[in-house]
Amino acid sequence: MKLYHGSNSLFERVDLSKSRDKRDFGKGFYTTTIKKQAESWAEAVFDRYGGAGKFVYEFDFEINNNLKIKEFKEANKEWLEFISSNRSIGEVQHDFDIAIGPVANDKTNRTIALYIAGIYTAEMALQLLKHNDLNDQVSFHTEKALSFLKFTKREEYAS
């Protein structure tokens, strides 16, 4: 499968220690199957933090049975609680090599935040989220998982 990563940094190899904390599936390297989404991520991270430019990295990845993978097919209560735990506590709150599922993005952050704060119940949050077109994310949390990710190219977009 083709995966894309949007960034404001130039790099030759993925370094998990540089990953941002308190993300949907925990601290890790985030990719998507949707190139346009990666372009949007590159734009957003560059706008927030500046950097070397707006880059989209392309990788090939083949799922391997030796990897421990958690896949969420849809935004459901388990997905919501998984995100809540990783965003609230930080680091990686699971033992999966890879996590796959819908993205809680800028359009859904308010709903997720109100769920985490205890203002919305899971049912209320999921009802609101079902009206959003949630893209996908594939996050890598271990060096073992990264060993199966093969870099193919990098594109730079005008700032």
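Heads up: these notes are all about the structure in this document. (Residues numbered from 1 in each chain as written. Predicted model: local features only at pLDDT ≥ 70, side-chain atom pairs only at ≥ 80, totals over all residues. Heavy atoms only, no water.)

1. As for the sheet that holds strand 3 (residues 54-61)
Thinking step 1. Spatial ordering of the open sheet is given by 1-3-7, a layout of three strands whose pairing is antiparallel. Each of the sheet's edge strands pairs with one partner strand only, and the pair in question is strand 1 (2-7) and strand 7 (149-157). Pairs of neighbouring strands in the sheet enclose a mean axial angle of 25°, with direction left out of account.
Thinking step 2. As paired strands, strand 1 and strand 3 are joined by six bridges and run antiparallel to one another. Bridge pairing in strand 3 links Leu3 to Phe59.
Thinking step 3. Contacting strand 1, strand 3 and strand 7, helix 1 (residues 35-49) runs over the sheet at an angle of about 15° to strand 1. (Pairing = 2+ DSSP bridges. Helix = DSSP H or I, 4+ residues; strand = E, 2+ residues; numbered from the N terminus. Axes fitted to C-alpha atoms, helices over the stretch in contact; angles between N-to-C directions. Contact = heavy atoms within 4.5 Å.)

2. With respect to the side chain of Ser19
Thinking step 1. Within the element layout of this structure, Ser19 appears in the loop between strand 1 and strand 2 (29-31).
Thinking step 2. In this structure Ser19 comes out as buried when scored by relative accessible area, which is 14%.
Thinking step 3. In this structure the side chain of Ser19 is engaged in a polar contact, spanning 3.0 Å, whose partner is the backbone oxygen of Leu16.
Thinking step 4. For Ser19, the side chain forms a polar contact with the main-chain oxygen of Gly28, separated by 3.0 Å.
Thinking step 5. Sequence-distant contacts of Ser19, that is, excluding residues within four places in its chain, are made with Lys27, Gly28 and Phe29. (Buried < 20%, exposed > 50% of the residue type's maximum accessible area, 1.4 Å probe, protein only. Polar contact = N/O pair within 3.5 Å; in protein donor to acceptor, adjacent residues only side chain to side chain.)

3. Let's talk about the pattern of salt bridges
Thinking step 1. Enumeration over the complete set of coordinates arrives at twelve salt bridges.
Thinking step 2. The shortest N-O distance in the salt bridge between Glu155 and Lys35 comes to 3.1 Å. Taken as a pair, Glu155 in strand 7 and Lys35 in helix 1 lie far apart in primary sequence, 120 residues in all.
Thinking step 3. Using a relative accessible area of 26% as the deciding quantity, one classes Lys35 as partly exposed.
Thinking step 4. With its nearest N and O atoms 3.3 Å apart, the salt bridge here joins Glu155 to Lys153.
Thinking step 5. Sharing partners across several salt bridges, the network here consists of Lys2, Glu58 and Asp60. (Salt bridge = Lys/Arg side-chain N within 4 Å of Asp/Glu carboxyl O.)

4. Details of unusual backbone geometry
Peptide bonds are, in most cases, trans, and in most cases residues other than glycine have a negative phi.
Thinking step 1. One non-glycine residue with positive phi stands out, namely Lys22, at about 60°.
Thinking step 2. Along the chain, the position of Lys22 falls in the loop between strand 1 and strand 2.
Thinking step 3. A positive phi angle, close to 55°, is found at Glu91, a residue other than glycine.

5. Some details on the packing of helix 2 (residues 77-89) against helix 3 (residues 109-116)
Thinking step 1. Running from amino to carboxyl end, helix 2 crosses helix 3 at an angle of 80°, the nearest separation of the two axes being 10 Å. Relative to helix 3, helix 2 is oriented roughly perpendicular. Of the residues in helix 3, those in contact with Trp79, Leu80, Glu81, Ile83, Ser84, Arg87 and Ser88 of helix 2 are Asn109, Ile112, Tyr115 and Ile116. (Parallel < 35°, antiparallel > 145°, perpendicular 65-115°, else oblique.)

6. Let's talk about helix 2
Thinking step 1. The end-to-end C-alpha separation of helix 2 is 18 Å, in line with the 18 Å expected for 13 residues at 1.5 Å each.
Thinking step 2. Taken residue by residue, helix 2 has Trp79, Leu80, Phe82, Ile83, Ser84, Asn86 and Arg87 as its buried positions.
Thinking step 3. Between a side-chain oxygen at the N-terminus of helix 2 and the backbone nitrogen of Glu78 the separation is 3.2 Å; the capping residue is Asn76.
Thinking step 4. Directly beyond the C-terminal end of helix 2, a positive phi value near 90° is found at Gly90. (Expected span 1.5 Å × (residues − 1).)

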